[in-house]
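# Per-entry structural report
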Amino acid sequence: MNAIRAIGGILKGMSVTFREMFRPTIVENYPDGAGPYKGARFEPRFRGLHVLQRDESGLEKCVACFLCAAACPSNCIYIEAAENTAERRISGAERYAEVYNIDYNRCIFCGFCVEACPTDAITHGHGFELATFNASNLVYRKEQLLAPMPKEIQSAVQREELRAHAPEMAH
Amino acid sequence: MADVTITIDGNKVTAPAGTLLIEVCKSIGTEVPAFCYYPGLSLQAACRMCLVEIEKMPKMQTACTVPISEGMVVHTTTDKVRQARKSTLEFLLGNHPLDCPVCDAGGECELQDMTFSYGAAESKFMEAKLHRDEQQWSPVVFFDRPRCILCYRCVRVCGEAMDVWALGVQNRGSASIIAPNEGDHLECEECGMCIDICPVGALTSGAYRYKTRPWEMKHVGTTCMHCGDGCKTTLGVRRHETGMQIVRGDNRDKSGINGDFLCIKGRYAFDVTHSDERLTQPLVRHEGRLTPATWEAALELVASTFKRIRDEHGGSAIGVIGSNRTTNEENYLLQKFARVVLGSNNIDHHRTADFPALAAALKNTQVRTAGMRDVFNAKTILLIGNNPTDQHPLLAWQIRNNVRLHKARLFVVNAQDIKLHRQATAFAQVPSGSEAFAAAFLAGNDSVGESVGGDARNALLAMRQALKGAEEAVVIFGSEIRGAQVKAAVNLASALNAKIACLGDYANSRGAADMGLYPDLLPGYAQTSSEIFTGHWGALPEQPGWNIEQMVNAARDGQLRALLCVGSNPVVRYNVDPFVLQKTFLVVNEMFMTETASLATVVLPAACAYEKSGTFTNTMGDLQVVKKAGDLAGTKPDFEIVIEIADRMGFDVRKLVSLGGGTRADMGQSRGAQTGEADRHAVWLEAQNLEPRMTPFDPAAVLDEIQRLVPGYGEASRLNVAAGNDEHTTALEAGQGSATSDPDLVVPSEDTLFTSGTLGRYSNTLHSVIESRRKVPADKKTPV
């Protein structure tokens, strides 16, 4: 009787195990997985490291309106604005952010900056590996936050530059 | 006018008949929104925002143009009014770009505020907005046409209030645009009033453009550091890598003696504070070259050398030249340092007006000095000499607007045909140098009539007739009248029963004079033997010291062994031969490497007036607060430098800055973080007979002493001054003065709107406007 009960218990337990073998796995292969997040996966609305977006022509969306800094409850955003010129166009509007720092020592990932942004320039990405041995590394500069230039635009820009410099090169 | 009673939203209000309805509404706290209405300017009724319902009137009325009359019944909150406002805003926004995130006015835009309060969330307009590129009208004025809502405020302030008429309206109806006088650019006084008054971001400032946003700045109300008028200016300050940086100057809150007026210097010439040429490190001459040194080494060298020279050759071997731009506290401290620590009366400054002579002339008369506010309210103004439009922009503004708004009579006596001639009831052009004779002639002395020439004599004769029986008059004279001649101006003021004012050139020229930067006068124009001061400071050198000229001669003879020169450039101002100072141990506190600084043995980098606290006295004697706005790493205020030198010379600094028996106050532990707690704490300290001052570097302690000892300053309310208001001081009436001081030492700055002495040379903005390079002054151009 005891033996039967013991075997029944094992079968019951193993049935769970065997059943789970045919179900999709929920264990993530972090940090050995593929992709920029090393296998970690996120809900779409996860609020991670900020990304400063570009528009379809590759210009920065941020116009340095300072509304994110004003909305920020932990006062961690620092901006210096500058004016676009005809030769050097950085953003779509008259003004762009020359300096855009987020101090991740202070940031609480509340998302207010994203809500405040009138041009949808600042968004939360899914970057989460922010740990560091040195707190000063946690002040992220604009270059670290910017979305990469789309490939086709990058090559188009390079072609444009080549063409612009071509007469000089000929001399 | 007689009072009438009207009803606004059911409330009975009594006000003088003829008052504008919008003002009456404002006085009882009922807001009637408006764009084009601006107090003090002509009425426009262009924006249609202030529509209200008045019973028995068929249509809605613009509150900004309706004078009230008996029995009016006004409604400002009905649905009809609300709908009218909503429609007006929708209409204004029809072509207004929604670029608030990049617009400089965003956050302090009246259209934004009104849309928020009264506007509709959505627009019915489907049409594409008409875009026009932004135009640059001058280095400091930008115009973004689509943002303009055509309120004409800029046109009116430029024409009526500034009397420049550089802006106008082109085309008609919906095609109307604001246009500058030169077609594509502006040539004007570059005051920036149009930018300031613009309710939206159509006119923007070249200096502040795209730098920051209004809520990002700290706003510090202080006194302008340029001319002698002492406009209050509110500086917008942002943090910066070298300290706090000033990014904007304006006075939108209309506080202070100037209301919202500022000239180009007040509005833009703060850029000297972050000039690349600012000195930020002490320099000591080493093997013939000025080399950077630490503050400790530089101060030690200065103190030990001063001490050695004083002990070996006596205090009279050391001279001190003070500044027209340092605060009253610093000037007071500097002359006290010279007299008490160095034991020398060799102290002087660059004089731009003969205040001691005025003080002497005022003795035993009933004549009082006028304040800047008096000029706006006087019924008669007599201006002798000077060109206020260039040298005293606020004074010119006060005169102009007094004439325009109060119908005051202006009489001008000048060697040149100055711009204020346009406002003058009568104008007399007299030969240069005969201004004092003209004053004497106006006072009734016929014997001097010949000195002014025939035509001028007739004009003055007519003026004398017109001035008879003048009430509430003010006599203002420039530095053309000095020395013994000042008596003539005072006699004239006495004959007219008028107040008097003398025009000095720099921000604290008057303060430097009041605080006794003279070899023969103590603070308050007191004699060097005055018991007021010997009683508090102990024995003082009684013999008058050397003035600047004598100091230079003594340096040539090798008798002046050391010279401390604070914020002054005597080498240029008094045309000193550089070789004369070679044998002298020259210490210069300066912001920049000036001609004088380049000759120095030690150069100490000083903070400017926007980087320290204290008070200024403007040329009319109005005492105002100076607050620290920006700062620059590496510099120290002159106050601190003088204290440090005295300390290192072994002098007990408590005798220089009375700390009320020492550091008795608690260290601030009982201070909390809640709003108002620090103030309550200060009250508590006061009640416990403790003093909140902790360091000898606190200028407030010296202001205490000034108010205690300097006649004419004691009555000024500290509370009022600290709150940012002006207090008229009367040191000129109270002091002895000296009629014998050398009038030739008075060297007027000859500044225009676009120069500001040595300081102005380092302002990029002042150099950038084309008017600064033109020979003919801006006002000589015919109005468009």
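A quick note: this is a predicted structure, and the numbers were derived from the prediction, not measured. (Residues numbered from 1 in each chain as written. Chains lettered and ligands numbered in written order. Predicted model: local features only at pLDDT ≥ 70, side-chain atom pairs only at ≥ 80, totals over all residues. Heavy atoms only, no water.)

### Observations regarding helix 15 (residues 486–496) of chain B
Residue and element names in this part refer to chain B.
- Along helix 15, the positions that sit buried rather than exposed are Val486, Ala488, Ala489, Val490, Leu492, Ala493 and Leu496.
- Buried residues in helix 15 make contact with helix 9 (355–362), strand 18 (380–384), helix 13 (435–442), helix 14 (454–467), strand 21 (473–477) and strand 22 (499–502).
- Positioned one or two residues after helix 15, Asn497 has a phi angle of 55 degrees, which is positive. (Buried < 20%, exposed > 50% of the residue type's maximum accessible area, 1.4 Å probe, protein only. Helix = DSSP H or I, 4+ residues; strand = E, 2+ residues; numbered from the N terminus. Contact = heavy atoms within 4.5 Å.)

### Here's the deal with the pairing of strand 19 (residues 409–414) of chain B
Residues and elements named next belong to chain B.
- For strand 19, the tally of buried residues reaches 5 of 6 residues, placing the bulk of the element in the interior.
- Both strand 18 and strand 19 contribute to a ladder of 5 bridges, which runs parallel. Paired with Thr380 across the strands is Arg409, a residue of strand 19.
- One ladder, built from 4 bridges, connects strand 19 with strand 20 (residues 426–429); its direction is parallel. Across the sheet, Asn414 pairs through a bridge with Gln429, a residue of strand 20. (Pairing = 2+ DSSP bridges.)

### Regarding the packing of helix 13 of chain B against helix 15 of chain B
All names here are of chain B.
- Here helix 13 crosses helix 15 at 30 degrees, and the two axes come no closer than 8 Å. Here helix 13 is positioned roughly parallel relative to helix 15, judged by the angle of their axes. The two elements helix 13 and helix 15 meet at a crossing, and its hand is left-handed. For the pair formed by helix 13 and helix 15, the contact residues are Ala436, Ala439, Ala440 and Leu442 on the first element and Ala488, Ala489 and Leu492 on the second.
- Tallied by class, the residues present in the contact of helix 13 with helix 15 amount to 7 nonpolar, no polar and no charged. (Axes fitted to C-alpha atoms, helices over the stretch in contact; angles between N-to-C directions. Parallel < 35°, antiparallel > 145°, perpendicular 65-115°, else oblique. Left-handed = near helix turned anticlockwise from the far one by under 90°. Nonpolar A, V, L, I, M, F, W, Y, C, P; charged D, E, K, R; others polar.)

### As for the layout of surface pockets
Residues and elements named next belong to chain B.
- Its boundaries defined by the atoms lining it, the second largest pocket holds a volume of some 790 Å³.
- Taken together, the elements giving at least two residues each to the lining of the second largest pocket come down to helix 2 (79–92) and strand 9 (177–180).
- In terms of residue count, helix 2 provides more of the lining of the second largest pocket than any other element does, 3 residues in total.
- The residue makeup of the lining of the second largest pocket, split by class, is 16 nonpolar, 6 polar and 5 charged.
- Looking at which domains feed residues into the lining of the second largest pocket, each of domain 1 (3–77) and domain 2 (94–205) supplies at least three. (1 Å grid on protein atoms, 1.4 Å probe; cavity = no way out; pocket = protein on both sides within 12 Å on 5 of 7 lines; lining within 4 Å. Points joined across faces, edges and corners; volume = space filled by probe spheres on them. Domains from an automatic or database assignment.)

### Looking at the interface of chain B and chain A
- Opposite the 16 residues of chain B that make contact, chain A presents 18 residues.
- The largest per-residue losses of area from chain B upon contact with chain A belong to Pro101, Val102 and Tyr210 of chain B, which jointly make up 42% of the total buried on that side.
- Looking at the side of chain B that touches chain A, its residues break down into 5 nonpolar, 1 polar and 10 charged. (Buried area = accessible area lost by both parts, 1.4 Å probe.)

### Remarks on the domain arrangement of chain B
- Annotation of chain B at the domain level lists domain 1 (3–77), domain 2 (94–205), domain 3 (283–352 + 510–745) and domain 4 (355–503).
- Placing the centre of domain 1 of chain B and that of domain 4 of chain B at their C-alpha centroids yields a distance of 41 Å.

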